[in-house]
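Fold and geometry: a report
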Amino acid sequence: MATILTGDKEYFKGFGQIKYEGPESDNPLAFRWYDENRVVAGKTLKDHFKFAVAYWHSFNGNGSDPFGGATHVFEWDQKADAVERAKDKMDAAFEFMTKLGLPYYCFHDVDVVDYSDDINENDRRLQTLVAYAKEKQAASGIKLLWGTANLFSHKRYMNGAATNPDFHVLTHGAAQVKAALDATIALGGENYVFWGGREGYMSLLNTNMKREQEHLAKFLHTAKDYARKQGFTGNFFIEPKPCEPTKHQYDYDAATVIGFLQKYDLLGDFKLNLEVNHATLAGHTFAHEMQVAANAGILGSMDANRGDEQNGWDTDQFPTNLNEVTECMMVLLQAGGLQGGGINFDAKVRRNSTDPADLFYAHIGGVDTFARALITADNILQKSDYLKVLEERYASYDSGKGKEFEEGKLTLEDLRAYAIEQGEPATISGKQEYLENLINRYI
Ligand code: XLS
Ligand code: NI
Ligand code: NI
């Protein structure tokens with residue numbers, strides 16, 4: 001657990017170190033399930049999750065929405081000078097993160113410090129803040145899970161960055177990625193993320209999809225080559241999302257991205273950073289997306305949040321659904337964990353959650369949901385007959401003709417002969433309700 005770091009000023013007054021107090025605790029500012037040193041399935045909870053705080057939602061997100069302005073007025077966002085303001089924000093961020101006691105954080109370039117329209121000036125600003133962050137990381141022990149560049153907010157990116165029909169815009173994206181990679185490397189960042197919010201189209205009528213996707217692949221290769229040349233050994237992650245802000249996004253879902261990485265020879269360097277609310281926008285459960293990634297061996301990292309059952313957009317709420325997360329943790333444990341990444345809270349408190357305490361409650365709730373779900377999932381896998389039921393469902397492929405089929409030894413005529421010989425198959429239950437009840441029993 002890190003020691004609390006404050007700058008000249010204490011921003012989260014009245015809050016001390018958040019501690020593990022156990023399931024019986026009534027303290028809303030304590031972890032009830034997340035005992036970071038508890039060993040589950042051979043690893044501490046701290047190592048399983050590598051929890052990260054997202055800079056953008058927690059320290060920049062001011063509650064504004066398309067219908068109204070800021071409702072969260074931050075004390076650290078008051079100074080006129082961009083660099084001074086950014087340092088105040090970083091003081092607040094490290095104070096919050098050390099009080100919360102989570103081991104990692106994540107950022108976009110423009111979360112750390114506001115950008116101007118001058119590339120050199122932006123690089124200088126970011127470098128100043130990187131030096132400042134370096135001290136804070138060393139003093140607190142908090143590490144950078146991943147860095148990224150925001151290639152979707154500035155108006156120049158309205159038609160995309162790497163997939164922009166105008167090459168000139170693409171070069172501005174490249175300048176930002178170079179600086180963000182340099183920052184990530186300087187801070188010992190373990191991974192680097194590409195989320196292509198506007199890498200897609202609003203209308204197919206004005207879009208050469210094939211050319212845009214080729215540009216995206218070329219852009220990723222170029223960025224990867226640069227980072228490797230600078231000695232970066234971490235993972236690159238692609239974060240799939242089907243739409244929003246564009247109507248259609250090229251990195252639609254896990255399966256689509258896997259096909260893209262394969263086609264353009266990017267597997268090996270690139271893995272997936274999956275986000276819960278993006279999965280649901282794509283019409284999938286999150287467990288589905290995790291399983292697809294795990295099957296391809298590229299379950300890299302995850303952005304934890306949840307959508308709203310009734311609203312069809314990326315509401316980015318903090319995760320609280322035990323049942324859903326338990327199923328996901330069953331996939332995670334069976335996949336052998338995340339490949340280099342962690343669990344980043346890409347989630348925001350609601351517009352009307354305006355107390356400083358709300359940011360603590362939100363993270364504590366998310367952390368405890370994951371901890372409890374992982375413990376439950378491990379119990380299900382260790383103590384129940386879940387794995388046996390699953391295995392038995394495929395037993396007909398374990399020996400005899402079924403096995404020969406798996407080994408590619410049977411022809412279509414062989415299969416026909418077997419069907420005739422064996423007659424009509426018996427009816428075999430899928431036992432879905434039994435398994436659903438099993439999860440609830442172990443929660
Ligand atoms: C937006 C994305 C974004 C990425 C990082 O929907 O989740 O926050 O995680 O650019
Ligand atoms: Ni995300
Ligand atoms: Ni998102």
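Check the entry above for the structure.
Along each chain, the written sequence defines residue order, and numbers are assigned to residues from 1. A letter from A marks each chain and a number from 1 marks each ligand, given out in the order of writing. Local features in this predicted model are restricted to residues whose pLDDT is 70 or higher, and side-chain atom pairs enter the listing and the counts only when it is 80 or higher, whereas totals over whole chains, interfaces and linings include all residues. As a convention, hydrogens and water are excluded, and side-chain values are obtained from all of the structure's heavy atoms.

Some thoughts on the coordination of the nickel ion (ligand 2)
Metal coordination angles in their ideal form are 109.5 degrees for the four-donor tetrahedron and 90 or 180 degrees for the six-donor octahedron. Water is not part of the atom set, so a site may look incomplete; the donors themselves are N, O and S atoms within 2.8 Å of the metal, or 3.2 Å for Na, K and Ca. Those donors, Glu239 (OE), Glu275 (OE), Asp303 (OD) and Asp346 (OD), are the protein atoms that reach the nickel ion (ligand 2), and they lie 2.0 to 2.1 Å from it. Classification of the site at the nickel ion (ligand 2) rests on its six donor atoms, whose angles at the metal span 80 to 175°, yielding the label octahedral. Counting the intervening residues between successive donors of the nickel ion (ligand 2) yields the motif E-x35-E-x27-D-x42-D. Here the nickel ion (ligand 2) and the nickel ion (ligand 3) are spaced 3.9 Å apart, and both take Glu275 as a donor. Within this pair, whereas Asp303 is found in strand β13 (residues 299-303), its partner Asp346 is found in the loop between β14 (343-345) and α12 (356-383), the two being separated by 43 residues in sequence. The same class applies to Asp303 and to Asp346, which are both buried. Irregular is the label for any site that misses the other tests, which are tetrahedral for four donors with all angles between 85 and 135 degrees, and square planar for four donors or octahedral for six when opposite donors exceed 155 degrees and the remaining angles lie between 65 and 115. A run of H or I in DSSP counts as a helix once it spans at least four residues, and a run of E counts as a strand once it spans at least two, with each numbered from the N terminus. Exposed residues in this analysis have more than 50% of their type's maximum accessible area, buried residues have under 20%, and partly exposed residues fall in between, with area computed by a 1.4 Å probe over protein chains only.

Points about the pattern of salt bridges
If the charged atoms of two oppositely charged side chains come close together, the side chains can form a pair. When a carboxyl oxygen of Asp or Glu is within 4 Å of a side-chain nitrogen of Lys or Arg, the pair counts as a salt bridge. In this structure the tally under the stated criterion is 20 salt bridges. In this structure, Glu95 engages Lys99 in a salt bridge whose closest nitrogen and oxygen atoms are separated by 2.8 Å. Separated by four residues within a single helix, Glu95 and Lys99 lie in helix α3 (residues 82-100), roughly one turn from each other. Both residues of the pair, Glu95 and Lys99, count as buried. Across the pair Lys210 and Glu214 runs a salt bridge whose closest N-O atoms are separated by 3.0 Å.

Focus: the site of ligand 1
The near set for a molecule or strand comprises every residue that places at least one heavy atom within 4 Å of it. Taken together, the neighbourhood of ligand 1 is formed by Trp56, His108, Phe152, Trp195, Glu239, Lys241, Glu275, His278, Asp303, Asp314 and Asp346. One of the side-chain N or O atoms of His278 is found 3.1 Å from an oxygen atom in ligand 1. Asp303 has a polar side-chain atom sitting 2.9 Å from an oxygen atom of ligand 1. With the chains in place, 93% of the 290 Å² that ligand 1 exposes on its own is no longer accessible. Here the shell around ligand 1 is composed, by residue class, of three nonpolar, two polar and six charged. Think of a polar contact as two N or O atoms within 3.5 Å of one another; within protein, one of them needs to be a possible hydrogen donor and the other a possible acceptor, and neighboring residues in sequence only count if both atoms come from side chains. For accessible areas, the Shrake-Rupley method is used with a probe of radius 1.4 Å. Any residue's cover is judged against the shown protein chains and nothing else. Three residue categories are used. Nonpolar comprises Ala, Val, Leu, Ile, Met, Phe, Trp, Tyr, Cys and Pro, charged comprises Asp, Glu, Lys and Arg, and polar comprises the others, including Gly.

Digging into the side chain of Lys50
Its location among the elements puts Lys50 in the loop between α1 (45-49) and β5 (51-54). Under the relative-accessibility criterion, Lys50 is labelled buried at 17%. Side-chain polar atoms of Lys50 contact the side chain of Glu190, separated by 3.0 Å. Not counting chain neighbours up to four residues away, the residues in contact with Lys50 comprise Pro103, Tyr104, Leu145, Glu190, Gly340, Gly341, Gly342 and Ile343. Residues count as neighbours in contact if any of their non-hydrogen atoms are within 4.5 Å of one another.

Here's the deal with the coordination of the nickel ion (ligand 3)
Here the nickel ion (ligand 3) is held by Glu275 (OE), His278 (NE2) and Asp314 (OD), and the distances to it run 2.1 to 2.5 Å. Spacing between the donor residues of the nickel ion (ligand 3) along the chain follows E-x2-H-x35-D. Look at Glu275 and you get buried, because its relative accessible area is 3%.

All quantities given are derived from atomic positions and should not be read as evidence of function.
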